[in-house]
Amino acid sequence: MGRLAVLISGRGSNLQALIDAIDAGKLDAEIVLVISDRAGALGLSRAQKAGIPAQVLLWEGEERRTQYFERMTELLQKAQVDLVILAGFMRLLSANLVRAFPQGIINIHPSLLPAFPGLRSQRQALEYGVKVAGCTVHFVDEGLDSGPIIVQKAVPVYDGDTEEILSERILVKEHEALPEAISLVLSKQWQIRGRRVICEY
Ligand code: GRF
């Protein structure tokens, strides 16, 4: 059984999808720690309700970035986690933290990467005019929304879509993709070929 830490900044619907997948026996894992960089994050109450230890690690500004991520690395190492999941965590991790968990950090992003990295990807997709959008679960490397792709799921974009409607359609797929990707990674039956994670079963 894999030991997971989940990092959040807000709503925590992906965290909830993981809690539900574990409860339903679809994901053989345990969430041992939730960390939020914001005090009021809704995801914190989801963790609390599920009996998961949750901690606020308040962001203290760019100038304390190094110390912030050192502290986070300590917490994650102390919790002896196998995988760190970024589920709506809105900060770029330090290179040292990424190096402390080689192929051990996963991010969920609401676009079909490498298209539309960064913030408000769904709006970027609408503004560009694509007809297919989606989500990507990928390993985290030192770049922004880069790193080998584990799972992607696509959704159609319709003519009348707003940012909100498209985001909601993608979110449904995010909630499927994240537990799926974690199961694959925990199975250890994969390898990285180029920019893809290849499933070996
Ligand atoms: C999701 O769209 C995720 O892809 C992005 O941030 C959002 C987080 O949503 N990185 P939630 O907090 O999991 O509900």
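Residues numbered from 1 in each chain as written. Predicted model: local features only at pLDDT ≥ 70, side-chain atom pairs only at ≥ 80, totals over all residues. Heavy atoms only, no water.

Quick look at the site of the ligand
Which entries qualify depends on this criterion: Residues are counted as near a molecule or strand when any one of their heavy atoms sits within 4 Å of it. In protein, a polar contact means a hydrogen-donor-capable atom and an acceptor-capable atom, both N or O and within 3.5 Å, with residues adjacent in sequence counting only if both atoms are side-chain atoms; elsewhere, any N or O pair within 3.5 Å suffices. To be clear on the numbers: accessible area is Shrake-Rupley with a 1.4 Å probe, and residue cover counts the displayed protein chains and nothing else. Strands are runs of DSSP state E lasting at least 2 residues, helices are runs of H or I lasting at least 4, and numbering of each runs from the N terminus. Lys, Arg, Asp and Glu make up the charged group, whereas Ala, Val, Leu, Ile, Met, Phe, Trp, Tyr, Cys and Pro make up the nonpolar group; the residues left over, Gly among them, are polar. Domain segmentation is taken from an automatic or database assignment of domains.
All residues adjacent to the ligand are Arg11, Gly12, Ser13, Asn14, Gly88, Ile108, His109, Pro110 and Glu174. Within the contact set of the ligand, an oxygen atom lies 2.5 Å away from a side-chain nitrogen or oxygen of Ser13. About the coverage of the ligand: the protein hides 87% of its 370 Å² of free accessible area. When contributions to the shell around the ligand are tallied by element, the ones reaching two or more residues are helix H1 (13-23) and strand E5 (105-109). For the shell around the ligand, the residue count by class is 2 nonpolar, 5 polar and 2 charged. Here the shell around the ligand gathers at least three residues from each of two domains, domain 1 (1-101) and domain 2 (109-201).

What to know about helix H2 (residues 42-49)
Under the convention used in this document: The buried label goes to any residue with under 20% of its type's maximum accessible area, the exposed label to any with over 50%, and the partly exposed label to all in between, with areas taken from a 1.4 Å probe on protein chains only. The reported arc concerns the directions from the helix axis to the C-beta atoms and nothing else. We call two residues in contact whenever any of their non-hydrogen atoms come within 4.5 Å of each other.
Listed as buried for H2 are Gly43, Leu44 and Ala47. Projection of H2 onto a plane perpendicular to its axis shows the buried side chains occupying an angular sector of 105°, all on one side. In H2, the exposed residues that point more than 90 degrees away from the buried face are Gln48 and Lys49. Packed against the buried residues of H2 are strand E1 (2-8), H1, strand E2 (29-36) and strand E3 (54-56). Taken from the residues just after H2, Gly51 is the one with a positive phi, measuring 75°.

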